[in-house]
Amino acid sequence: MTTALVELRDVRKSYFSNRIETPVLHGINLAMQRGEFVAIMGQSGSGKSTLMNVLGCLDTPTSGSYSLAGEDVGSLSRAALAGLRNRTIGFVFQSFNLLKRMSILDNVALPLIYAGVNRKQARERAQHQLARVGLGELERRQPNQLSGGQQQRVAIARALVADPPLILADEPTGNLDTRTSADIMAVLTELNRDRGQSIILVTHEPDIAAFARRLVRLKDGLVLYDGPAREGLRELAQEEAVNLAGSLSTATTEEQA
Ligand SMILES: Nc1ncnc2c1ncn2[C@@H]1O[C@H](COP(=O)(O)OP(=O)(O)OP(=O)(O)O)[C@@H](O)[C@H]1O
Ligand SMILES: [Mg+2]
């Protein structure tokens, strides 16, 4: 039996402020094998980023269990958890978090330096990764000398340089134009297909989710749909058409009244 790459069992997450509890995730069950490409969709506030933070071991569930690459995350020490996270996950989040004063080459090499790879080798691997996202020529530039789409590609190169088995992307195309979004999706799709890297991607856009094979839809902190992306997106489009028809008829009735 192969172990799942990701396995959430009845994961709940609340935020607390002034001792007031705001529950956000209400019992998520989700298993994912190596090599899968999953899109997560859901309305704003439905808990997508909260779920991604749990998956990325950046935050801990209030209850329930999470195992990542066969390790029970809740039972690990801080150091062990940081090690597991560094070995296993590459993050592509919407705010790129690139270091401004460094060349993009050094930005991309950073995860390797943290992992103890020597500088020369780290730079070589970073060069290779930048070339793969089409930025080989620009390696000496600093992030602010690049367009938004180019910066996002740097963030992807940095997420991938250490070859993590799991890539977590929270709205990676959120601020980008259609053309650049398509470029980013091409890079991710290729990685998934050719290298078998697993991808979990949050998006609001059906066109972007269509690159994934599996779709998970969240509603109010629960899984509303988990299945093939194609069927799930068709269902979503139908629901939206029904909602639109509903709001149009309400508007007409109000006009008549
Ligand atoms: N640190 C926090 N403290 C308190 N409440 C939070 C915190 N982070 C998120 N929330 C709340 O949890 C809920 C879910 O937030 P989350 O960021 O997971 O939503 P999302 O699905 O990613 O939304 P979006 O599509 O807008 O990014 C929201 O109601 C939000 O206000
Ligand atoms: Mg979010």
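Residues numbered from 1 in each chain as written. Chains lettered and ligands numbered in written order. Predicted model: local features only at pLDDT ≥ 70, side-chain atom pairs only at ≥ 80, totals over all residues. Heavy atoms only, no water.

### Structural notes on the overall build of the chain
Note the threshold: Working definition: helices are DSSP H or I runs of at least four residues, strands are E runs of at least two. Numbering for both runs from the N terminus. With C-alpha atoms as the basis for the radius of gyration, the globule rule is written as 2.2 Å multiplied by the number of residues raised to the power 0.38. The contact definition used throughout considers only heavy atoms, calling two residues in contact when any of these lie within 4.5 Å.
What the chain contains, in helices and strands, is 8 helices and 10 strands. Over its C-alpha atoms the chain spans a radius of gyration of 20 Å, differing by no more than 12% from the 18 Å that the globule rule assigns to 257 residues. Here the C-alpha coordinates of the chain stretch approximately 70 × 45 × 45 Å along the principal axes. Within the chain, contacts between residues separated by at least 24 positions form 68% of all contacts whose residues are at least 6 apart in sequence.

### Quick word on the sheet that holds strand β2 (residues 20-32)
Let me state the cut-off plainly: Two strands make a pair as long as DSSP finds a minimum of two bridges between them.
With antiparallel pairing, the 4 strands of this open sheet are ordered in space as β2-β1-β4-β5. Here the strands that pair on one side only, and so sit at the sheet edges, are β2 and β5 (71-72). Sheet topology places strand β1 (residues 6-17) next to strand β4 (residues 63-68); 5 bridges connect them, and they run antiparallel. Counted as the bridge partner of R12 is S63 from β4.

### A closer look at the site of ligand 1
So the rule is basically this: One heavy atom within 4 Å of a molecule or strand makes the whole residue count as near it. What sets the accessible areas is the Shrake-Rupley method with a 1.4 Å probe; for residues, cover comes only from the shown protein chains.
Surrounding ligand 1, one finds Y15, V24, Q43, S44, G45, S46, G47, K48, S49, T50, E171 and H204. Contact with the protein chains hides 57% of the accessible area of ligand 1, taken as 640 Å² for the molecule alone. The element contributing the most residues to the shell around ligand 1 is helix α1 (residues 48-55), with 3 residues.

### Some thoughts on helix α8 (residues 229-256)
Filter applied, for reference: A helix is expected to reach a length of 1.5 Å times the quantity of its residues less one. Burial status follows relative accessibility: with a 1.4 Å probe on protein chains alone, a residue under 20% of its type maximum counts as buried, one over 50% as exposed, and anything between as partly exposed.
When the terminal C-alpha atoms of α8 are compared, their 40 Å separation across 28 residues agrees well with the 40 Å that a helix rising 1.5 Å per residue should span. Of the positions making up α8, those classed as buried are A229, G232, L233 and L236. Among the structural elements, β3 (37-41), α7 (206-209), β9 (214-219) and β10 (222-228) are those in contact with the buried residues of α8.

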